[in-house]
Amino acid sequence: MMQAVSGTPMTDQPPRTPRLLIISHDVVGANMAGPGIRYYHLARVLARHVQVTLATPVQDEGTAAPAAVGEPPFAVTPYRRRQWETLAEQVAQADVCLFPSDVADELPQLAESRACLVVDGYDPLMAEWLALSRNARRGPEQMAQWRVDWHMRMEALARQYRIGDFFVCASERQRDWWLGLLEASGRINPATFDADPSLRRLVDVVPYGLPEHPLPPAKPVIKGVWPGIEAGDRLALWGGGLWPWLDPLTAIRAVALLRKRHPRLKLVFPGTRHPNPTMAGMPNQVDAAKALATELGVLDTAVCFGDWVPYADWPHVLQESDVALTLHFDTVETRLAFRSRVLEYIWAGVPIVATAGDATSDLLARHGLGVVTPVGDTTEVASAIDRLLAEPRGERAAAFAAARDALSWERAAEPLVRFCRAPVHAPDRAGELQGGEAYVDPTLPLRTERDYWRSLAEGYANGRVMRALKWVNGGVRRVVGK
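A few points on the structure. (Residues numbered from 1 in each chain as written. Predicted model: local features only at pLDDT ≥ 70, side-chain atom pairs only at ≥ 80, totals over all residues. Heavy atoms only, no water.)

### As for the overall build of the protein
Assigned secondary structure in the protein consists of 20 helices and 13 strands. A burial count over the protein gives 51% of its 482 residues as buried. Pairs at least 24 apart in sequence give 73% of the contacts found in the protein among residues at least 6 apart. On the protein, roughly 22900 Å² of surface is accessible, and the fraction owed to carbon and sulfur atoms is 55%. (Helix = DSSP H or I, 4+ residues; strand = E, 2+ residues; numbered from the N terminus. Buried < 20%, exposed > 50% of the residue type's maximum accessible area, 1.4 Å probe, protein only. Contact = heavy atoms within 4.5 Å. Areas by Shrake-Rupley, 256 points an atom, 1.4 Å probe, with all protein chains shown as cover.)

Here it is, written out as structure tokens:
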């Protein structure tokens, strides 16, 4: 290892470039969803500073790992989820392991690693899991099983809080959430606070970013290519999936309202099938969206559904789009979410209609990149689309340029770059890793009222409580001047 467990550099080894292993739980290749895109770009940026290996999951024996996009400046290795032996050697060679929070449960052996562990908490897992599983839990038996499953999820999430040396998330709003989680888990304590009262060395913000390179030359991918969509049509883009916490039905109703005013407007859903086979059974609203489009008489005329656009073609889809949509419901997932596709809309300069309530809608409002609408308001969404279609192309070019300058992947990754170039274990974990007593006992039970009064009596007996009261009383006197 490059760094001593205590966090001070070893002096008996020559300096070398730290080795970073990024463990992606999602596929990275020609077809990618948000998580795969995130780890591809983080690997690309971090490879400028440290030695990077990106581990990508494979599904079956004999199945090759998906090829990374182009020729990446980092190594790529396959592994199988929940199978430690397929990744143990790479972990043993790493100075730093970066992984999404669920991997802490899938590979519990990471806790025994000498590597510094970075937990990527950009995805509000519990909020998403509750939304995904809610509709299937109605009867008493289903509700009982839901509670059992929830308890298992809580145990899985608890592991990540205990083993991380550094936590990253996607927004300051998420960071506040993480500070609460870590405090409740005992990770905000005298050791971590003494090392850094701001706690930025424990948890910091690493959002999604924008590619530094410009858009490629435009080419038709949807216009004149998809059945029913002609070269002169205008496109409203729904980028990404139709997950339960999102609101594609309001988008469909809004476009149906605009049909007479904008007969050449087409709402396109190019991402109806997740590129990761393990996510094939993930609940979504595809069937409901198609049923509504059929009911309103706009299926395959004003509303068109695709499969999943290859990542290499995605910039061209963005270039063809006149307006982009990101709509959602009012849930706890909304409060915590950071919509990765919105960053790509910004990269391409596509004006955006967004529902209020998440961090990305705040970003759009701050930079003037589109229109923010109330939750579930079909009329307001239709009005916003109408307004943006009436604007000349490039009307908001200066606003998009300013936003791009602030949102590059290189800038987004700065806290990770700093940590990976000089990795250290969190101070409250260092002693435990050296064989000492754990700083925080995660099995410590909640105290009963009897325990409380017994503890208070013991405090009086040995003088601790009286000393504390005298100290507080002295502080009050100093403040009030008596």
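### Observations concerning the packing of helix α8 (residues 248–257) against helix α14 (residues 378–390)
At their nearest, the axes of α8 and α14 sit 8 Å apart, and the two run at 60° to each other. What the angle tells us is that α8 and α14 run oblique. In this structure, α8 meets α14 at a crossing whose hand is right-handed. Of the residues in α14, those touching α8 at T250, R253, A254, V255 and L257 are T378, V381, A382 and I385. Looking at side-chain class alone, the contact of α8 with α14 contains six nonpolar, two polar and one charged residues. (Axes fitted to C-alpha atoms, helices over the stretch in contact; angles between N-to-C directions. Parallel < 35°, antiparallel > 145°, perpendicular 65-115°, else oblique. Left-handed = near helix turned anticlockwise from the far one by under 90°. Nonpolar A, V, L, I, M, F, W, Y, C, P; charged D, E, K, R; others polar.)

### Brief notes about the packing of α8 against helix α9 (residues 286–295)
Orientation of α8 relative to α9, taken along the N-to-C sense of each, is 20°, at an axis distance of 10 Å. Between α8 and α9, the angle falls in the class roughly parallel. The crossing of α8 and α9 is right-handed. Side by side, α8 and α9 meet where L249, I252 and R253 of the first sit next to A288, A289, L292 and A293 of the second. Looking at side-chain class alone, the contact of α8 with α9 contains six nonpolar, no polar and one charged residues.

### A closer look at the pattern of salt bridges
In this structure the tally under the stated criterion is 26 salt bridges. Note that R38 and D120 form a salt bridge whose closest N and O atoms lie 2.8 Å from each other. One end of the pair, R38, is in helix α1 (residues 34–46); the other, D120, is in strand β5 (residues 116–120), with 82 residues separating them in the sequence. Summarising the burial analysis for this pair, R38 and D120 share the class buried. For the salt bridge of D428 with R187, the shortest nitrogen-to-oxygen distance reads 2.7 Å. Taken together, the residues span a long stretch of sequence, with D428 in helix α18 (residues 427–433) and R187 in the loop between α6 (172–184) and α7 (190–195) at a distance of 241 residues. Across this residue pair, the class does not change: D428 and R187 are buried. The network of salt bridges with shared partners includes E172, R200, D204 and R418. (Salt bridge = Lys/Arg side-chain N within 4 Å of Asp/Glu carboxyl O.)

### Quick look at the environment of A384
By the element assignment, A384 lies in helix α14. According to the relative accessible area criterion, A384 is buried, its value standing at 1%. Taking the C-alpha atoms as reference points, A384 and A254, separated by 130 residues in sequence, lie 9.6 Å from one another. The contacts of A384, once residues within four sequence positions are left out, are V353, V371 and T373.

### Some details on the sheet that holds strand β7 (residues 203–205)
Each strand in a sheet pairs with its neighbour through backbone hydrogen bonds, running either in the same direction (parallel) or in the opposite one (antiparallel). Reading across the sheet, the seven strands line up as β3-β2-β1-β4-β5-β6-β7 and stay open at both edges, with parallel pairing between neighbours. Both outer strands of the open sheet, β3 (75–79) and β7, are each paired with one neighbouring strand and no more. Averaged over neighbouring strand pairs, the angle between their axes works out to 25° when direction is ignored. (Pairing = 2+ DSSP bridges.)

### Things to note about unusual backbone geometry
Phi is positive for L199, which is not a glycine, with a value near 65°. Topologically, L199 is positioned in the loop between α7 and β7. For L199, a relative accessible area of 8% corresponds to the buried category. If you check the backbone angles, D300 has positive phi at about 65° while not being a glycine. Following the sequence through the fold, D300 ends up in the loop between α9 and β10 (303–305).

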